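Each chain, written out:
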Amino acid sequence: MAGLLMGACTSEDEIFSCDKEVNNWVKNNLKEIRTMDREDWLNSSSEAANAMYRAFTPTQRLVFWNDKFEELMLLPWTNEELGHICKAQEFVNFHKEIFSNELSIEERDDIIDAFCYKWMEFAMDELGWDELKVRAVIGSGRKVLNTNGDLALMKNTTRTSILSEDEEEDSSCNCNQKHDFCNGSSECMSDSGCGSSEHGCGWLILQSCNGRCGIYGYGPA
């Protein structure tokens, strides 16, 4: 669709997306979105997915990540790698409060960062993973295709379609400057027109979106 870049929003008027059309779509379909699961999320466009995740309930987000981890465990990891993925799943189930709105952004980030930094260091130092594989496991909700950490592209169905079929770029704020999960061709850059969302980027896509990836960036999904 033309005109998706409708101007930036500020933290005061942002609800689910800085794109007015996407934001209105989420508000108009909020009841249905709050019955969706990760399969519905995977069948959405990248633009819709980011806003949908923000609209999910805490229970939906917890189930979403348990589904992601169960899916991951079907891949042919080594026993040590599989155990490390299990530790991430155990973390999210032990700290269910990170999915709720009971914590401040700072409190939630402290809990997530304390675990994820150590988890990442072990994955890279002991398992030989690179940053993209780490990001594929605990920084993206997308389906991981193989043990190299390759991610499936988001689909775009009529049920949740916001962008035209050939449009993949997310026009909203789509990365966290502290935890940069853009791909190797770009980095998360500050943008004066980018209002910081409470979550949708970073570790477990539960941290603020306060920047934009370059033209080749993956975004938070």
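Below is a summary of the structure that appears in this document. (Residues numbered from 1 in each chain as written. Predicted model: local features only at pLDDT ≥ 70, side-chain atom pairs only at ≥ 80, totals over all residues. Heavy atoms only, no water.)

Topic: the nonpolar core
Among the nonpolar cores identified, the biggest contains 47 residues, and Trp41, Tyr53, Phe69, Trp129, Ile138 and Leu204 are the most heavily contacted of them. Of all the elements in the fold, those that place two or more residues in this core are helix H1 (20-28), helix H3 (38-42), helix H4 (46-55), helix H5 (58-72), helix H6 (79-94), helix H7 (105-125) and helix H8 (131-138). Looking at which element gives the most residues to this core, the answer is H4, with six residues. (Core = buried A, V, L, I, M, F, W, Y, C linked by side-chain atoms within 4.5 Å. Buried < 20%, exposed > 50% of the residue type's maximum accessible area, 1.4 Å probe, protein only. Helix = DSSP H or I, 4+ residues; strand = E, 2+ residues; numbered from the N terminus.)

A word on the pattern of salt bridges
Under the criterion given, the structure shown has two salt bridges. Of the charged contacts, one joins Asp67 and Arg38 as a salt bridge, the two residues approaching to 2.7 Å between their closest N and O atoms. Remark: Arg38 occurs in helix H3 and Asp67 occurs in helix H5; sequence separation between them is 29 residues. By relative accessible area, Asp67 is classed as partly exposed at 38%. A salt bridge links Glu71 to Arg38, with the shortest nitrogen-to-oxygen separation between them at 2.8 Å. Taken together, the residues Glu71 in helix H5 and Arg38 in helix H3 connect sequence positions 33 residues apart. According to the relative accessible area criterion, Glu71 is partly exposed, its value standing at 22%. Arg38 gets classed as buried once you look at its relative accessible area, which sits at 3%. (Salt bridge = Lys/Arg side-chain N within 4 Å of Asp/Glu carboxyl O.)

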